[in-house]
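Overview (structure and organization)
Here are the chains, one letter per residue:
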Amino acid sequence: MKATRRPLRRHCEIPPGEGLEHTDPRRGDGRGRAGCSTPKALHLYGIEKDRYVDDEEMFDLVHAMRTRIVTSPAFSGEQILAAILFEQTMGRQFAGRPAADYLWETKNVVPFLKVDKGLAEPADGVRVMKPIPGLAGLLERAVGAHIFGTKMRSVIDEANPRGIDAIVAQQFELGHQICEAGLVPILEPEVTVTAQDKSRSEALLLEQITRRLDSDPFPGPVMFKLSIPTVDNLYAPLIANPAVLRVVALSGGYSRDEADALLARNHGLIASFSRALSEGLSDSQTDEQFNATLAASIDAIYHASLT
């Protein structure tokens, strides 16, 4: 059995809705929506631009922040199901061990890898993913690094049927390639939470996903990462679908309290929060303060995921 498949058994034994999923605290689409760039992530953490002179130093500081989070006693498989890493993080170490091995073997947290290269320009009310050159090689390296699955994000800004169809088609096409490489894909067609027709976009998205799961089934398990729906429990049929391992929710620009409250109204949907999880953490905090803040954040998100 491949090393990347070891966590699958654990995933399947966890009751639906239990646990939360953590994402690397850096995400952006170049337009400042539903995520944050690396400099902004550092700023929110209390590190300003005068602390680094180039990208290498900046990424070293980001990795130090990530390391502080994942090595914290508050961060464990007791409440956290999985963590999504960036490609650069996959090649680094936590506490002297390869990042993915540390997460699974020390923390009992399943490692995933972000594989997309950002968003294309808007068209038909959506932003599909840019091409992903070298994806096959990246997936091969991920398998070698004991990564369990992948995550890739595109964005829906308007309830445009043609655009949403293009989003879902691209996610499914790449998802098949990822499945065939022996990994579990997380498909993330995010609906912008401030869109005026958000509920209509979500209905169209669910319709397209359901149709493609029937007509173009995956050779293995698949996951979905979606915006918390306007209509409570809209994604219940997707959560119940036997082909779907998990449906997780992004915080999408909501504060942690807002996201937790909305999430708790959706049964079986669990959190996949990045910015909301790291809310309140600061470089200047003592370890005791940092760990207490992180523990409170994880606990609140975890309990919102139990409904």
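Read on for a plain summary of the structure. (Residues numbered from 1 in each chain as written. Predicted model: local features only at pLDDT ≥ 70, side-chain atom pairs only at ≥ 80, totals over all residues. Heavy atoms only, no water.)

Side note on the nonpolar core
Counting 79 residues, the largest nonpolar core has Leu205, Leu213, Phe224 and Leu238 as its most contacted members. Those residues in contact with Leu238 that lie beyond four places of it in its chain are Leu206, Ile209, Leu213, Phe224, Leu226, Val244 and Val247. Counting residues in each nonpolar core, the second largest holds 13 residues, with Leu81, Phe112, Val184 and Val248 among its members. (Core = buried A, V, L, I, M, F, W, Y, C linked by side-chain atoms within 4.5 Å. Buried < 20%, exposed > 50% of the residue type's maximum accessible area, 1.4 Å probe, protein only. Contact = heavy atoms within 4.5 Å.)

Comments concerning helix H7 (residues 161–180)
Between its first and last C-alpha, H7 extends 29 Å over 20 residues, near the 28 Å set by a 1.5 Å rise per residue. The N-cap of H7, judged by a side-chain oxygen 3.0 Å from the amide nitrogen of Arg162 a few residues on, is Asn160. (Helix = DSSP H or I, 4+ residues; strand = E, 2+ residues; numbered from the N terminus. Expected span 1.5 Å × (residues − 1). Polar contact = N/O pair within 3.5 Å; in protein donor to acceptor, adjacent residues only side chain to side chain.)

Notes on unusual backbone geometry
Excluding glycine, most residues fall at negative phi; most peptide bonds, likewise, are trans. With phi around 50°, Ala95 is a residue other than glycine that occupies positive phi space. Within the fold, Ala95 resides in the loop between strand E3 (93–94) and strand E4 (97–98). Even without being glycine, Asn233 reaches a positive phi, approximately 65°. Mapped onto the fold, Asn233 is located in the loop between strand E9 (222–227) and helix H9 (236–240). Exposure remark for Asn233: the relative accessible area of 27% places this residue in the partly exposed category.

Structural notes on the packing of helix H6 (residues 135–144) against H7
Two elements in contact, H6 and H7, have axes whose closest approach is 10 Å; the angle formed by their N-to-C orientations is 40°. Taken together, H6 and H7 sit at an angle that is classed as oblique. With respect to the hand of their crossing, H6 and H7 are arranged in right-handed fashion. When H6 is examined against H7, the residues Leu135, Ala136 and Leu139 are found in contact with a partner set consisting of Leu174, Gln177 and Ile178. Among the residues forming the contact of H6 with H7, the class breakdown is five nonpolar, one polar and no charged. (Axes fitted to C-alpha atoms, helices over the stretch in contact; angles between N-to-C directions. Parallel < 35°, antiparallel > 145°, perpendicular 65-115°, else oblique. Left-handed = near helix turned anticlockwise from the far one by under 90°. Nonpolar A, V, L, I, M, F, W, Y, C, P; charged D, E, K, R; others polar.)

Note that all results are geometric; they support no functional claim without further evidence.
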